[in-house]
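Here is what each chain is made of, one letter per residue.
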Amino acid sequence: MKIFIEPFDTLFFKDGKPFSMGEDNWADGHFPPMPSVFYGALRSAYFSQNPNQLHLANEEGDPTQDLVISRIHVARNDKRRVVGYIPCPMDVVKEKNNNSNQDQYHILEVGNSDSSQISSSPIPTQLRSSAPERVEYDKSSWFNLGNWNKYATGEIRESSLKNTSKFLIHEPKIGIGRSRYTGSSEEGQLYRVGMKRMCKNYGFVVEFSGLDSLQSNGILKLGAEGKGASYHEIDKPFDIPNTPRKTEPKKVKMIFTTPAVFSQGWLPKGVDLKSLEGVWNGFKLKVTHVCVGAFVSIGGFNMKAGKGMKVGPKPMYRAIPAGSVFYVEPEDFDGFIEAFHDRCISEFGLSREGFGHILLQVV
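Throughout, a residue's number is its position along its own chain's written sequence, starting from 1. Local features in this predicted model are restricted to residues of pLDDT 70 or higher, and side-chain atom pairs are both shown and tallied only at a pLDDT of 80 or more, whereas totals for entire chains, interfaces and linings draw on every residue. Each side-chain value is derived from all of the structure's non-hydrogen atoms; neither hydrogens nor water enter the calculation.

So, about the overall build of the protein. Secondary structure elements are defined from DSSP: runs of H or I of at least 4 residues count as helices, runs of E of at least 2 residues count as strands, and each element is numbered from the N terminus. Helix and strand content of the protein: three helices and 28 strands. A radius of gyration in this sense is built from C-alpha atoms; the matching globule rule multiplies 2.2 Å by the number of residues raised to 0.38. For 363 residues, the compact-globule estimate of 2.2 N^0.38 gives 21 Å, and the C-alpha radius of gyration of the protein, at 22 Å, lies within 12% of that figure. Three labels apply to residues, based on accessible area from a 1.4 Å probe with only protein chains included: buried if under 20% of the type maximum, exposed if over 50%, partly exposed otherwise in between. Going through the 363 residues of the protein one by one, you find that 45% of them count as buried. Here the protein displays about 19,200 Å² of accessible surface, and carbon together with sulfur accounts for 47% of that area. Just so you know, the count uses Lys and Arg for positive and Asp and Glu for negative, and it drops His and the chain ends. In plain terms, the charge of a residue is placed at NZ if it is Lys, CZ if Arg, CG if Asp and CD if Glu. Averaged over its 44 positive side-chain charges, the protein has a centre that lies 3 Å from the centre of its 41 negative ones. The Shrake-Rupley method, run with a 1.4 Å probe sphere, supplies the accessible areas, and residue values consider only the shown protein chains as cover.

Salt bridges are defined as contacts in which a side-chain nitrogen from Lys or Arg sits within 4 Å of a carboxyl oxygen from Asp or Glu. Summed over the entire model, instances satisfying the criterion amount to 12 salt bridges. Put simply, D9, E171, K173, R197, E225 and K227 are held in one network by salt bridges that share partners.

In this section: helix α1 (residues 35–49). Each helix should span, by expectation, one fewer than its residue count multiplied by 1.5 Å. When the terminal C-alpha atoms of α1 are compared, their 22 Å separation across 15 residues agrees well with the 21 Å that a helix rising 1.5 Å per residue should span. For α1, the complete set of buried residues consists of P35, S36, F38, Y39, A41, L42, R43, A45, Y46 and F47. Contacts are assigned to residue pairs that have any heavy atoms within 4.5 Å of one another. For α1, the secondary structure elements touched by its buried residues are β1 (2–7), β3 (68–77), β16 (202–209) and β17 (217–222).

Looking now at the packing of aromatic side chains. Between the rings of Phe, Tyr and Trp (Trp by its six-membered ring), a pair exists once the centres lie within 6.5 Å; its type follows the angle of the planes, with under 30 degrees stacked, over 60 edge-to-face, and the other angles tilted. According to the stated counting rule, one finds 20 aromatic pairs in the structure shown. The interplanar angle of 40° and the centroid separation of 6.0 Å between the aromatic rings of F31 and F204 together place this pair among those described as tilted. Placement of F31 in the loop between β2 (26–27) and α1 and of F204 in strand β16 is noted, with a sequence separation of 173 residues between them. Working rule: Lys NZ or Arg CZ, within 6 Å of ring centre, within 35 degrees of ring normal, means a charge sits over the ring. A cation sits over an aromatic face here: R318 above F295, 4.0 Å from the ring centre.

Attention shifts here to the nonpolar core. Remark: nonpolar core denotes a set of buried residues (Ala, Val, Leu, Ile, Met, Phe, Trp, Tyr, Cys) joined through side-chain atoms within 4.5 Å. Grouped together as the largest cluster of nonpolar side chains are 33 residues, with contacts concentrated most on I5, F31, L42, F204, V206, F208 and L222. Sorting the residues of this core by element identifies β1, α1, β3, β4 (82–87), β16, β17 and β18 (227–233) as the ones contributing at least two each. Setting aside residues up to four positions removed in sequence, L42 forms contacts with I3, L67, I69, V206, F208, L211, L214 and L220. With 26 residues, the next largest nonpolar core counts F4, L108, W148 and L359 among its residues.

Pairing in this open sheet of three strands is mixed, and the strands run β2-β14-β13 from one edge to the other. Because the sheet does not close on itself, it has two edges, and the strands there are β2 and β13 (173–178). Bridge analysis of β13 against strand β14 (residues 185–193) gives five bridges, and the strand direction is antiparallel. Residue pairing for β14: K173 is matched across the bridge by V193. Pairing between two strands is assigned when DSSP locates at least 2 bridges connecting them.

In this chain, F31 is followed by P32 through a cis amide linkage whose omega measures 5°. Tracing the backbone through its elements, the reader meets P32 in the loop between β2 and α1. Non-glycine residue N201 carries a positive phi angle of around 75°. Structurally, the position occupied by N201 is in the loop between β15 (196–198) and β16. The phi angle at D342 is positive, at roughly 60°, despite the residue not being glycine. The residue D342 is located in the loop between α3 (333–340) and β27 (343–344) in this model. The exposure class of D342 is buried, given its relative accessible area of 19%.

Before going further, it helps to examine the sheet that holds strand β19 (residues 252–256). Read across the sheet, six strands follow the order β20-β21-β26-β19-β28-β27 without closing on themselves; strand pairing throughout is antiparallel. Single-partner strands in this sheet number two, and they are β20 (277–280) and β27. Sheet analysis places β20 next to strand β21 (residues 283–291), joined by four bridges and oriented antiparallel. Of the residues in β21, the one forming a bridge with G278 is L285.

Here we take up the pairing of strand β28 (residues 357–362). The element β28 is largely enclosed, with a buried count of five among its six residues. Relative to β28, β19 runs antiparallel, the two being bridged by five bridges. Within the sheet, the bridge partner assigned to K253 lies in β28 and is Q361. With two bridges connecting them, β27 and β28 associate as antiparallel partners. Within β28, the residue paired with C344 across the bridge is H357.

So, on to the side chain of H73. Mapped onto the secondary structure, H73 falls in strand β3. Within the structure, the side chain of H73 is placed 3.3 Å from the side chain of R71, a separation counted as a polar contact. Not counting chain neighbours up to four residues away, the residues in contact with H73 comprise Y85, I86, L145, G203, F204, V205, F238, T257 and H357. Polar contacts, as used here, are pairs of N or O atoms within 3.5 Å; protein pairs need one atom able to donate a hydrogen and one able to accept it. Residues neighboring in sequence count only if both atoms are side-chain atoms.

Structural data, given as structure tokens:
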């Protein structure tokens, strides 16, 4: 089932930093929300529609245990179609100090080995920009999936991207703690929360399986304060990048549209940290270049005890952020394309929640 979720109100998605009353007074969340937010929201929506089965949550026979999320995108619901957006790939950079009316974008290219540079990186050649000016990654840019072919050809224009400010409005909320006995304000408990509001017709596309009995439209809760959102099954066209052509073996770019967790930090289990060669999900390959940003923290909270879990915080993981790009040389090119394109691949069992969604692009 593929659904479009449209929030009614402001949203707040907490990051991994502590925020305790009387100790911290400034809470900045992150956007977009982690895939686990949607996983929990869908399960909660199911049990709200079937309250007589709530006692089975996290137990043997849990009716939501087969839920698997295969796609999460920010999206715009137009009259004729639904348009999806992904965080801009990190090998797309923007010229700094550009004085023209339009921003100039470039895709990083594989450079030559430079003996004058000193680096601890195990990768001998670095990715470089052909731009005459200094460049930077613009993390507020989103790539329109309908323009995916322009990423392949390198013809990226400002019109191919959408800035966060075009569909997201910041509405910080200021509050203060009050005494439960007198109702007066407590000293040192002024706080500020970075709420965000999505513009009209903007929301999220979520594709999932294993929860077929969920109603095709309804209401669910999203975010730290459980704000309401409507959802309905999509019956309009939705652009999905085609599977790359299987031609002669070449390098492949792996673009992560959602965060991914690996046991070796930025590198998956099975790939050697020095040679960058190894086996990834059964496929021999070599990682030749990477564009990876600072890690993001992924946590959560168990609301109900069950089989092998207690009520309380979930284990905290560090993940590579959405937009990260890996350049790899797979031994079995065709098999690799089939196994990795438009799939979710992450470790610690988080793939089923939508972590590590990958799109491929032949270099």
